Amino acid sequence: MVHRELRDVAQTVSTGTLPAPERIERIVAAAHSRYRTDQDGAVADYIPVLAAADPDLFAVAVTEIDGDVHEAGDAGAGFTIQSISKAFVFALACEAHGHPALRERVGVDNTGLPFNSVIAVELNDGHPRNPMVNAGALATTALIPGATPAEQWERVRTGLSRFAGRGLELDGGAYHSEMLTNQRNSAIARLLESYGRIDVDPGALVDVYTRQCSLRVTAHDLAIMGATLADGGVNPVTGERVVSAQTARDTLAVLASTGMYERSGTWMFEVGVPAKSGVAGGIVAIAPGKGAIGTFSPRLDPAGNSVRGQRATAYLSRALGLNLFASDPHGPDGDGDATRAIDSREEPAL
Ligand code: GLN
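Quantities reported herein were computed from a predicted structural model and do not represent experimental measurements.

We now examine the UniProt feature "binding site: substrate" (unreviewed entry) in the protein chain. With numbering matched to this structure, UniProt assigns "binding site: substrate" (unreviewed entry) to S83, N134, E178, N185, Y209, Y261 and V279. Among the secondary structure elements, S83 is positioned in the loop between β4 (79-80) and α2 (84-97). The residues contacting S83, other than those within four sequence positions of it, are Y261, K276, S277 and G278. Tracing the chain through its elements places N134 in helix α5 (residues 134-142).

So, about the sheet that holds β4. In spatial order, the strands read β4-β6-β5; together these 3 strands make up an open sheet with antiparallel pairing. In this open sheet, the two edge strands, each paired with only one partner strand, are β4 and β5 (169-170). Here β4 runs beside strand β6 (residues 215-217); their pairing, made up of 2 bridges, is antiparallel. Each residue of the ladder has a partner; that of T80, found in β6, is R216.

Let's shift gears to the site of the ligand. Contacts to the ligand come from Y46, Q82, S83, F115, N134, E178, N185, Y209, C213, Y261, G278 and V279. A distance of 2.7 Å separates a nitrogen atom of the ligand from a polar atom in the side chain of Q82. In this structure, a nitrogen atom belonging to the ligand sits 2.7 Å away from a side-chain N or O atom of Y261. Isolated, the ligand exposes 300 Å² of accessible area, and the fraction of that covered by the protein chains is 99%.

Moving on, we come to the sheet that holds strand β7 (residues 275-277). Pairing is antiparallel across the open sheet formed by 5 strands, whose spatial order is β3-β2-β9-β8-β7. For this open sheet the edge positions go to β3 (69-73) and β7, each flanked by a neighbour on one side alone. Strand after strand, the sheet turns through a mean of 10° between neighbouring axes, direction not considered. Where β7 and strand β8 (residues 282-287) come together, 3 bridges link them in antiparallel fashion. Looking across to β8, one finds that K276 is bridged to V284.

All right, on to the pairing of β8 then. With 6 of 6 residues buried, β8 is to be regarded as a mostly interior element. Of the two faces of β8, the one carrying G282, V284 and I286 and the one carrying I283, A285 and A287 are both buried. Counting the residues that bridge the hairpin from β7 to β8 gives 4 residues, and of these G281 lies at a positive phi of roughly 115°. In this sheet, strand β9 (residues 291-296) lies alongside β8 in antiparallel orientation, the contact comprising 6 bridges. Across the sheet, A287 pairs through a bridge with G291, a residue of β9. Between β8 and β9, which follow one another and run antiparallel, lie 3 residues, and G289 among them has a positive phi close to 75°.

About the cut-offs
- Residues numbered from 1 in each chain as written.
- Predicted model: local features only at pLDDT ≥ 70, side-chain atom pairs only at ≥ 80, totals over all residues.
- Heavy atoms only, no water.
- UniProt positions renumbered as here; feature names shortened; annotations may be inferred.
- Helix = DSSP H or I, 4+ residues; strand = E, 2+ residues; numbered from the N terminus.
- Contact = heavy atoms within 4.5 Å.
- Pairing = 2+ DSSP bridges.
- Near = heavy atom within 4 Å.
- Polar contact = N/O pair within 3.5 Å; in protein donor to acceptor, adjacent residues only side chain to side chain.
- Areas by Shrake-Rupley, 256 points an atom, 1.4 Å probe, with all protein chains shown as cover.
- Axes fitted to C-alpha atoms, helices over the stretch in contact; angles between N-to-C directions.
- Buried < 20%, exposed > 50% of the residue type's maximum accessible area, 1.4 Å probe, protein only.

Put into structure tokens, the structure is as follows:
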């Protein structure tokens, strides 16, 4: 565990420091109660099992880089990680192959297209451009080392488990439900194959990808997984180095531009921290050098991002002073609080 004294040392990776733990605790509780009764959005139904989720579940968790966790609501409720897995599988692939290989093979630019876009592949001669839409995520999973798909899957499962600090397991019901309705992802994998962009069997690839999306996590897990990226690749609870600091940095850079799909620009404008969402209702948001937020609430906006999760994260970003682009003036004008101001005229449009 990192020593509490770190709080008093100037951060070199982003502006300011987190408030004291008791204050974080109160702010997390306030974020939860503020949005608890918010009913906006709709539960995803394109994967049949997701439609059965309890829409009222709501969890907020914050993990500091010293490993302290603060949470409110249903932080122990399990759900499938879905597209949030793309962030951590990208990190594992980046760790295995390095920064230039991922940039060239998969790309790091926003497509501006929905997560399940087939057009994204056709537009660029099969180059997926973006590891956070399904085309690029499939190409990224294809890069995970392993002699067989089973070995690749085990590498993904154990890798994501190290981020979480506990053994994550497959949600078999979710996996089977998605495998039966996976025609679109199968089409994308076949297209990638036709362009020579993957070196593995497309059917086996979709199977590994669907398994990675079906790993069961909690908001508590997401906050720890995110905090590992916030802490230079070291899990702040287990103390294990999961990926290098360079990989953690590269992963956050990708999330900053593409983590919230075609809403990533709005997200940066309103919230100012890299984040990744999944269609089961999870969101992880990362404040480098400070900590991470994990939220869970199944009702989604049209892009597939949890409504209460986005709003609670936006609130926390302001209340905890997480926005990467906010700064206090150097010298006597800086009171250390400007980045934490919640201006009611700036209610985020999320
Ligand atoms: N498993 C889902 C899919 O590939 C994940 C989508 C998501 O979370 N946006 O369609």
